[in-house]
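Read off the chains here:
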Amino acid sequence: MAAARNPRNPRRRGAILAAVAPFLAFADYLRLRLVDRAWRLYCRRVGHAPPPFPWLMLPERESPPGAGAGAGAVARRVFYDVPGGRSYGYRVPSRDMHRCVATGHGWVVMVAVDAPRRVMLLNPITGDQRIVAWPFARWNARFHAVLTSSPAAGEAGCFLVVVADRLLAFCRPGADFQGWETLRAPGFRHHAALSDVVAVGATVYLVDERRRLWRADLADENPKVQRRDTGFALPSLELRRHYLVESLGHVLLVLSDERHNRVALYKLNWDARAWLPIAACPGERVLLLGRGCSAAVPPSSAAGRGPGTVLFAHQPSTLPDVDVAARGQAWFWSESRVGAAPGDLLVLKKTVPHRHGEFPADGDSFWFFPAVDPDENAR
């Protein structure tokens with residue numbers, strides 16, 4: 001009745017939301033999470049904050065014919081909400097200026113394509129930026145990057161990490177940036193398809209093509225790189241793509257063939273120096289995989305996808321698409337399952353509504369956690 005008399009009164013509307021929120025399931029929250037700030041605030045207060053499911057940052061659109069030379073400095077990039085089926089547009093530097101190499105915690109990590117080389121961290125929703133110099137004396141296009149947490153103010157444990165052959169460089173990209181520190185990772189060699197990096201808190205893990213492992217806790221006063229010979233024989237020589245992903249504090253290694261018809265899953269036992277084969281992801285998660293953007297999320301936020309589903313971001317610039325039939329067509333992710341073997345299921349190549357030729361067929365997509373909840377600091 002109060003809302004009917006004055007529906008725009010924020011106090012009365014908030015009281016109604018506070019009374020209703022405890023009785024709604026997460027599915028209701030998911031459908032309405034972008035509707036109203038007050039709705040999100042009161043849902044958080046009663047414990048209905050959403051399990052994270054990232055958007056998919058699609059490749060940059062093709063430039064329109066006749067675009068001027070200065071038109072490519074900034075582009076409006078499309079971010080697709082997979083569960084909600086909606087698209088959102090945010091301005092990011094153009095691929096002619098910077099290329100995306102990783103995402104995390106609501107930020108995009110980009111590297112300048114020309115000299116002077118630099119690394120840019122961008123929150124496309126707020127427009128906040130951090131720019132740091134390239135960490136190594138020489139430019140090397142063979143590297144991995146990862147962001148351990150948000151570089152926003154107050155995130156003292158945030159590290160930006162760049163890993164190249166036998167070297168690991170890290171810095172604090174926040175307001176207290178004091179330059180890069182470099183650690184040696186003897187024996188580590190970058191491989192586009194078979195090496196990867198993941199962060200678990202402030203600890204960074206590296207894996208190479210032989211499934212050997214390196215680890216460094218960057219929060220230590222004097223961080224050092226530790227190495228474990230965790231190599232093992234592949235169950236199939238077709239498993240030629242490796243992904244590292246964290247799930248509930250566990251480090252997981254996902255092996256896949258080039259078409260994602262076969263997917264195998266392993267969990268790290270650091271003390272035993274071994275990758276242990278497992279049949280399901282800890283916590284019954286859905287896996288989202290891609291270079292610089294892998295994550296594990298609850299199935300409740302995955303729009304009906306069951307535990308063990310694996311979504312692979314399409315990144316042909318680093319992991320070329322071997323399916324000749326799909327070349328020339330813009331698609332952005334594919335879906336498979338843990339434990340899948342050839343013939344078990346049809347691996348679907350997914351796209352979104354768009355005009356023919358709007359997106360390049362060779363552009364990369366990245367999973368992106370939007371961190372759109374504006375009330376996260378209003379508790």
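Just so you know, these numbers come straight off a predicted model, no measurement behind them. (Residues numbered from 1 in each chain as written. Predicted model: local features only at pLDDT ≥ 70, side-chain atom pairs only at ≥ 80, totals over all residues. Heavy atoms only, no water.)

Notes on the overall build of the chain
In step 1: The number of helices and strands found in the chain is 4 helices and 25 strands.
In step 2: Within the chain, contacts between residues at least 6 apart in sequence are counted, and of these 49% link residues at least 24 apart.
In step 3: Counting only carbon and sulfur atoms, one obtains 50% of the accessible surface of the chain, whose full area is about 18,100 Å². (Helix = DSSP H or I, 4+ residues; strand = E, 2+ residues; numbered from the N terminus. Contact = heavy atoms within 4.5 Å. Areas by Shrake-Rupley, 256 points an atom, 1.4 Å probe, with all protein chains shown as cover.)

Observations regarding the nonpolar core
In step 1: Core analysis: the biggest nonpolar cluster contains 28 residues, and Leu56, Leu58, Phe332, Trp333 and Trp367 have the highest contact counts within it.
In step 2: The next biggest cluster of nonpolar side chains, apart from the first, holds 20 residues, and it includes Val101, Leu147, Leu160 and Cys171. (Core = buried A, V, L, I, M, F, W, Y, C linked by side-chain atoms within 4.5 Å. Buried < 20%, exposed > 50% of the residue type's maximum accessible area, 1.4 Å probe, protein only.)

A look at the pattern of salt bridges
In step 1: A full pass over the atoms with the stated rule returns 8 salt bridges.
In step 2: Among the ionic pairs, Asp196 bridges to Arg291, the shortest N-O distance being 3.3 Å. Of this pair, Asp196 sits in strand 12 (residues 196-200) while Arg291 is found in the loop between strand 20 (286-289) and strand 21 (295-297), placing the two residues 95 residues apart along the sequence.
In step 3: Residue Arg262 pairs with Glu238 through a salt bridge whose shortest N-O separation is 3.9 Å. Here Arg262, found in the loop between strand 17 (250-256) and strand 18 (263-269), pairs with Glu238, found in the loop between strand 15 (225-228) and strand 16 (241-247); they are 24 residues apart in sequence, far enough to count as distant.
In step 4: Among the charged side chains, a network of salt bridges with common partners joins Arg142, Asp165 and Arg189. (Salt bridge = Lys/Arg side-chain N within 4 Å of Asp/Glu carboxyl O.)

So, the sheet that holds strand 24 (residues 348-350)
Two modes of strand pairing occur in sheets, parallel and antiparallel, and in both the strands are linked by backbone hydrogen bonds.
In step 1: The mixed open sheet is built from 5 strands, whose spatial order is 21-20-22-23-24. With one partner strand each, in any of the chains shown, strand 21 and strand 24 form the two edges of the open sheet. Each neighbouring strand pair of the sheet contributes to a mean axis angle of 25°, computed without reference to strand direction.
In step 2: When strand 23 (residues 333-337) meets strand 24, the two strands line up antiparallel, connected through 3 bridges. The residue bridging Trp333 from the neighbouring strand is Lys350, located in strand 24. (Pairing = 2+ DSSP bridges. Axes fitted to C-alpha atoms, helices over the stretch in contact; angles between N-to-C directions.)

Here we look at the confidence of the model for the chain
In step 1: In this model, the chain carries a mean pLDDT of 82, and residues with pLDDT of at least 70 account for 76%.
In step 2: Residue range residues 372-379 is modelled with pLDDT below 50. Its contacts to residues more than four positions away, or to other chains, number 15 contacts. (pLDDT = per-residue confidence, 0-100.)

Section: the environment of Asp257
In step 1: Inspection of the secondary structure assignment puts Asp257 in the loop between strand 17 and strand 18.
In step 2: Look at Asp257 and you get buried, because its relative accessible area is 7%.
In step 3: For the pair Asp257 and His242, spaced 15 residues apart in sequence, the C-alpha separation works out to 9.0 Å.

So, the pairing of strand 2 (residues 74-81)
In step 1: Counting buried residues along strand 2, 6 of its 8 residues qualify, which places the element largely inside the surrounding structure.
In step 2: As paired strands, strand 1 (residues 55-57) and strand 2 are joined by 2 bridges and run antiparallel to one another. When the sheet's bridge partners are listed, Met57 is paired in strand 2 with Phe79.
In step 3: Hairpin connection between strand 2 and strand 3 (residues 86-93): a loop of 4 residues separates the two successive antiparallel strands, and Gly85 in this loop has a positive phi of roughly 70°.

Here's the deal with the packing of aromatic side chains
In step 1: Under the defined criterion, the tally for this structure stands at 16 aromatic pairs.
In step 2: Centre to centre, the rings of Phe159 and Phe170 are 6.0 Å apart; their planes meet at 70°, and the pair counts as edge-to-face. Here Phe159 is found in the loop between strand 8 (144-147) and strand 9 (160-164), whereas its partner Phe170 is found in strand 10 (residues 167-171), with 11 residues between them in sequence.
In step 3: Owing to a relative accessible area of 3%, Phe170 belongs among the buried residues under this scheme.
In step 4: Feature note: the residues Trp55, Phe79, Tyr88, Tyr90 and Phe368 constitute an aromatic cluster, connected by ring pairs.
In step 5: One Lys or Arg, Arg117, reaches over the ring of Trp139 and ends 3.9 Å from the middle of that ring.
In step 6: Against the face of Tyr243 rests Arg291, its NZ or CZ located 5.0 Å from the ring centre. (Phe/Tyr/Trp six-rings, centres within 6.5 Å; stacked < 30°, edge-to-face > 60°. Lys NZ or Arg CZ within 6 Å of the ring centre and 35° of its normal.)

Some words on the side chain of Asp165
In step 1: Residue position: Asp165 is located in the loop between strand 9 and strand 10.
In step 2: Among the residues examined, Asp165 registers a relative accessible area of 15% and is labelled buried.
In step 3: A polar atom in the side chain of Asp165 sits 2.7 Å from the backbone nitrogen of His190.
In step 4: Aside from chain neighbours lying at most four places away, what touches Asp165 is Arg142, Phe188, Arg189 and His190. (Polar contact = N/O pair within 3.5 Å; in protein donor to acceptor, adjacent residues only side chain to side chain.)

Here we look at the environment of Trp55
In step 1: Within the secondary structure, Trp55 is located in strand 1.
In step 2: Of the residues examined, Trp55 reaches a relative accessible area of 3% and is grouped as buried.
In step 3: Taking the C-alpha atoms as reference, Trp55 lies 9.9 Å from Gly85; in sequence the two are 30 residues apart.

Quick look at the pairing of strand 18
In step 1: Most of strand 18 sits inside the fold, with 5 of its 7 residues counted as buried.
In step 2: One ladder, built from 5 bridges, connects strand 17 with strand 18; its direction is antiparallel. What sits directly across from Leu253, in strand 18, is Tyr266.
In step 3: Count of turn residues in the strand 17/strand 18 antiparallel hairpin: 6 residues, of which His260 carries a positive phi of about 65°.
In step 4: Here strand 18 pairs with strand 19 (residues 274-278) via 5 bridges, running antiparallel. By the bridge assignment for strand 19, Leu265 is matched with Ile278.
In step 5: Connecting strand 18 to the next strand, strand 19, in antiparallel fashion are 4 residues, including Arg273 with a positive phi near 55°.

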